[in-house]
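Each chain, written out:
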Amino acid sequence: MEEAQGNAQDAPIPGEGESPAVGGVDRSPANPEEDVPEEPEGEGGPEEQLGRDFLALQEEMDRLRDQHLRLAADFENYRKRVNAELSGVWVRAQAELVRSLVDVLDDLQRVSQFTSENASLETLIEGVDLVERKLLKALVDAGLEALIPEGEPFDPNLMEAVMRVSAGEEGQDDMVHQVFQRGYRFKDQLVRPARVSVFKDDD
């Protein structure tokens, strides 16, 4: 009995001195150095990757900001150039109108120098009429339109009724009876409405 116990105590304990095997398969722990995957060269951890992404985004934002500033500067230069061109066109148009009116002014000055000794009444009237036609032509060429709506339907957008006249015939209601003062429109802009009298039915 004591011999059996001694043999049991002398039996090797699993895990001491040799790796246990189950069913012929080695269950010993693997080599830690072999199980850890190697990181690819040139790549760091997640923090380093985030840092690289942040730098890339920062560079892209800087590029877009510079592009925006260049576009804003180009637009401002374009706006100034267009305004300068429009201003130049307007000034040239005014100068052209003034140039045509200067000739009329010369005619008026010549007419004003007429006296009873060197011109008759007919000559004076003819001179004034010539100046009026020349002035009207210069303004019409510049875009002025005279409004003389006698016999036309009354239009409150272009006319001002200063007198009401009883309609004597059928269909005369709201028709212009007489033009007391011409109206003028310059390039679709009303300068002055025509002052007129208007037919109105008494009913």
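Refer to the preceding data block for the structure.
All residue numbers here refer to positions counted from 1 along the written sequence of the relevant chain. Since the coordinates come from a predicted model, pLDDT governs what is reported: local features require at least 70, and pairs of side-chain atoms require 80 or more to be given and counted, while whole-chain, interface and lining totals use all residues. In computing side-chain properties, one takes all heavy atoms of the structure into account and sets aside hydrogens as well as water.

Novice: Describe the overall build of the protein chain, and please don't skip the residues or the numbers.
Specialist: Secondary structure counts use DSSP, requiring at least four H or I residues in a row for a helix and at least two E residues in a row for a strand, with both numbered from the N terminus. Helices and strands together make up the secondary structure of the protein chain, namely 4 helices and 8 strands. The 203 residues of the protein chain split such that 11% are buried. A contact between two residues is defined here by any heavy atoms of the two lying within 4.5 Å. For the protein chain, the proportion of contacts with a sequence separation of at least 24, taken over those separated by at least 6, is 59%. Burial classes: relative accessible area under 20% of the type maximum marks a residue as buried, over 50% as exposed, and values in between as partly exposed (1.4 Å probe, protein chains only).

Novice: Go over helix α3 (residues 46-112) with me, naming the residues and quoting the values.
Specialist: To estimate the expected span of a helix, count its residues, drop one, and scale the result by 1.5 Å. Over its 67 residues, α3 runs 97 Å from end to end, which matches the ideal 99 Å to within 8%, given 1.5 Å per residue. Within α3 the residues assigned to the buried category are Gly88, Val104, Asp107 and Val111. Residues of α3 that are buried in the fold lie against α4 (121-142).

Novice: A description of the nonpolar core should follow, citing residues and the corresponding values.
Specialist: Counting 7 residues, the largest nonpolar core is built from Leu147, Met159, Val176, Val179, Ala194, Val196 and Val198. Where this core is concerned, the elements lending two or more residues are β5 (176-181) and β8 (194-200). If you tally residues by element for this core, the top one is β8, at 3 residues. If near-sequence neighbours (up to four positions away) are discounted, Val179 is found in contact with Ile148, Pro149, Glu150, Arg195 and Val196. In these notes, a set of buried Ala, Val, Leu, Ile, Met, Phe, Trp, Tyr and Cys residues joined through side-chain atoms within 4.5 Å is what counts as a nonpolar core.

Novice: Can you tell me about the environment of Val198, naming the residues and giving the values?
Specialist: Mapped onto the elements of the fold, Val198 is located in strand β8. In sequence terms Val198 and Glu152 are 46 residues apart; their C-alpha atoms lie 9.8 Å from each other. In contact with Val198, not counting residues within four places along its chain, are Phe154, Ala161, Met163, Arg164, Val165, Asp174, Met175 and His177.

Novice: Go over the side chain of Ser197, please, and point to the residues and values.
Specialist: Position of Ser197 among the secondary structure elements: in strand β8. Setting aside residues up to four positions removed in sequence, Ser197 forms contacts with Met163, Val165, Met175, Val176, His177, Gln178 and Phe180.

Novice: If you had to explain unusual backbone geometry to someone new, which residues and values would you point to?
Specialist: The backbone of Asp174 shows a phi angle near 65°, a positive value even though the residue is not glycine. If you trace the backbone, Asp174 turns up in the loop between β4 (159-166) and β5. Positive phi is not limited to glycine here, since Lys187 has a value of about 50°. Secondary-structure assignment places Lys187 in the loop between β6 (183-186) and β7 (189-192).

Novice: Just give me the short version of the sheet that holds β7, but keep the residues and values in it.
Specialist: Spatially, the 3 strands line up as an open sheet ordered β3-β6-β7, and their pairing is antiparallel. Bordering the open sheet on either side are β3 (144-147) and β7, each of which pairs with just one other strand. Shown here is a sheet whose adjacent strand axes are inclined to one another by a mean of 30°, direction ignored. Here, strands pair whenever DSSP counts at least two bridges between them. Pairing analysis gives 3 bridges linking β6 to β7, with the strands arranged antiparallel. Its bridge partner being in β7, Arg185 is matched across the sheet by Leu190. Axis geometry follows a simple rule: fit a line to the C-alpha atoms, using only the stretch in contact for helices, then measure angles between N-to-C directions, giving values from 0 to 180 degrees.

Novice: I'd love a proper account of α4, names of residues and values included.
Specialist: Look at α4: 32 Å from first C-alpha to last across 22 residues, which is about the 32 Å you get at 1.5 Å a residue. Listing the buried residues of α4 in full gives Gly127, Val131 and Ala138. One side of α4 holds all its buried residues, which, seen down the axis, span an arc of 35°. Residues of α4 that are exposed and angled more than 90 degrees away from the buried face: Leu121, Glu122, Ile125, Glu126, Glu132 and Lys137. If you follow the buried residues of α4, they end up packed against α3. Phi turns positive, to about 120°, at Gly143, one or two residues after α4. Working definition: the arc comes from the directions between the helix axis and the C-beta atoms, pointing outward to the latter.

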